[in-house]
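Descriptive analysis of the structure
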Amino acid sequence: MGTAIASNLPAFPFIGPDSDPFVPVDAPDLARLDGPVSKVRLPFGGWAWLVTRHADVRQLLRHPGFSSDQYRPGFPVLNPIPPEQKDAAGLFIFMDGDAHSRLRRMLTTEFMIKNIRRLEPLIEETVVDALERMRAAGPGVDLLSAFALPVPSMTICHLLGVPYADHDFFQHHSQVIMDRKSGPEEIGAALGALAGFLAGLIGIKRADPGEDLLSRLVAERVDTGELREDELVSMAMLLLVAGHETTANMIGMSALALLERPELLAALREDPSMAPNMVEELLRYATVVRTGLPRLALEDAEIGGQRIRAGEGVVAMLAMANRDGSVFTGPEEFDPLRQEAHRHMAFGFGLHQCIGQPLARAELRIALVELARRFPTLRSVKTRAEIPTRPLAVTFGLDELPVTW
């Protein structure tokens, strides 16, 4: 499609700086779409098919004819890709087939539900410690910096064996990488800094192994020749960045949703068994992956009745699929008792579904239960409309959440 034609299409993404944080797209742009599978203009030129229906997104994400390899010519790029990232051999989320399966398989056991359950006492200790430090700081704190960010940061640090003393370093560089306003040079510098840090840490683990994931991977995969060290560096970087950024944003969004409904915080405090289903509904309602999952068609295919040609880009809009009225009754409403909440696709779908989802669920559940229990009078200082968001981040979230009690 020519540039002139593409310029007439709705621009992607649709999230504006003044958007309601719980509305996945701006209504004027949504109204311009031709249908559930329609063309949109990409931020770095060209166009792609936007897929918005629940069934169509599922079909797309499990179809073997669509690639996740963002380095293929014609791939629908949604974020700037620095040259350095192309050499990051362990970034399996951008791989297909056997290459993807080989690396993902090495982590599958670590994130099995039974193994995450063993971590729950540590997660609870981390949550309680963060909340008590927040209490000590006194009423009038930012819930994001005081609670939402430290909890997943400390958890992933423990899991990987990263000293928490270095969390400011990796949080800063992670945010640069995940910010769509960052240029290729900035992202490249952040990737290089994290890679250097992790390479040094891997050397320490080899000399003095601990009871952590990096130590196990060095001993069981790298030193046996199954995994290259540069692959491990990239895998660790992926886990470090994704392991705290997405969950921190979800804790913040979830807290805001509950603070707007104090009766739900009270109900959760009285009956913590509500938490698992409430977490599923929050994942659906506040889906933080707003920019969707891009794919490249390797062969002709039909998605949602639309013919997609080989070489055309496609973007699966998880947040919009999670508001599909044919699947979720009253999809614009937050209903903690929703029976079909588990059908959401906040973690993606198919072979590339988020490997860390059991950990994220555990962190969210424990964080919200303890927040409700320990701060019964917690309230937001600002209204929903007054709270600044991060619309250009790869994972959507709040910029701050001032609270008092």
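Because the structure is a prediction, the values reported are computed rather than measured.

Time to look at the state of the cysteines. Scanning the model with the defined rule gives 0 disulfides in all. Cysteine Cys-157 remains unbridged, with the sulfur of Cys-354 as its closest cysteine sulfur at 17 Å. Cys-157 sits in the buried class, given a relative accessible area of 2%. You can call Cys-354 partly exposed: its relative accessible area is 33%.

The next thing to look at is the sheet that holds strand S3 (residues 66-67). Within the open sheet, the 5 strands sit side by side as S1-S2-S8-S5-S3. Their pairing is mixed. Edge positions in the sheet fall to strand S1 (37-41) and S3, since each has one partner strand and no second. Where strand S5 (residues 293-297) lies against strand S8 (residues 313-316), 4 bridges are found, and the strand directions are antiparallel. Of the residues in S8, the one forming a bridge with Leu-296 is Gly-313. Sheet strands touched by helix H3 (residues 54-61): S1, strand S2 (47-51), S3, S5 and S8. Its angle to S8, the strand with the most contacts, is close to 125°.

A few words now on helix H8 (residues 167-178). The terminal C-alpha atoms of H8, which comprises 12 residues, lie 16 Å apart, in line with the 16 Å expected from a rise of 1.5 Å per residue. Listing the buried residues of H8 in full gives His-167, Phe-170, Gln-171, His-173, Ser-174, Val-176, Ile-177 and Met-178. Residues of H8 that are buried in the fold lie against helix H7 (150-160), helix H9 (184-207) and helix H11 (229-259).

Taking 1.5 Å of rise per residue, 31 residues should cover 45 Å, and H11 covers 45 Å from first to last C-alpha, within 8% of that figure. Among the 31 residues that make up H11, 27 are buried, leaving the element largely enclosed by the rest of the structure.

Taken as a whole and assessed by the stated rule, the structure comprises 28 salt bridges. For Arg-390, the salt bridge identified is with Glu-245, shortest N-O distance 3.0 Å. Of the two residues, Arg-390 is situated in the loop between strand S9 (379-380) and strand S10 (402-404) and Glu-245 in helix H11; the sequence distance between them amounts to 145 residues. Under the relative-accessibility criterion, Glu-245 is labelled buried at 3%. Across the pair Glu-400 and Lys-382 runs a salt bridge, and its minimum N-O distance is 2.6 Å. You can see Glu-400 sitting in the loop between S9 and S10 and its partner Lys-382 sitting in the loop between S9 and S10, a full 18 residues away along the chain. Taking relative accessible area as the criterion, Glu-400 reaches 25% and is therefore assigned partly exposed. By relative accessible area, which is 29% here, Lys-382 ends up partly exposed. Bridged by salt links that share partners, the residues Glu-132, Arg-135, Glu-370, Arg-373 and Arg-374 form one connected network.

What counts and what doesn't
- Residues numbered from 1 in each chain as written.
- Predicted model: local features only at pLDDT ≥ 70, side-chain atom pairs only at ≥ 80, totals over all residues.
- Heavy atoms only, no water.
- Disulfide = S-S within 2.5 Å.
- Buried < 20%, exposed > 50% of the residue type's maximum accessible area, 1.4 Å probe, protein only.
- Pairing = 2+ DSSP bridges.
- Helix = DSSP H or I, 4+ residues; strand = E, 2+ residues; numbered from the N terminus.
- Contact = heavy atoms within 4.5 Å.
- Axes fitted to C-alpha atoms, helices over the stretch in contact; angles between N-to-C directions.
- Expected span 1.5 Å × (residues − 1).
- Salt bridge = Lys/Arg side-chain N within 4 Å of Asp/Glu carboxyl O.

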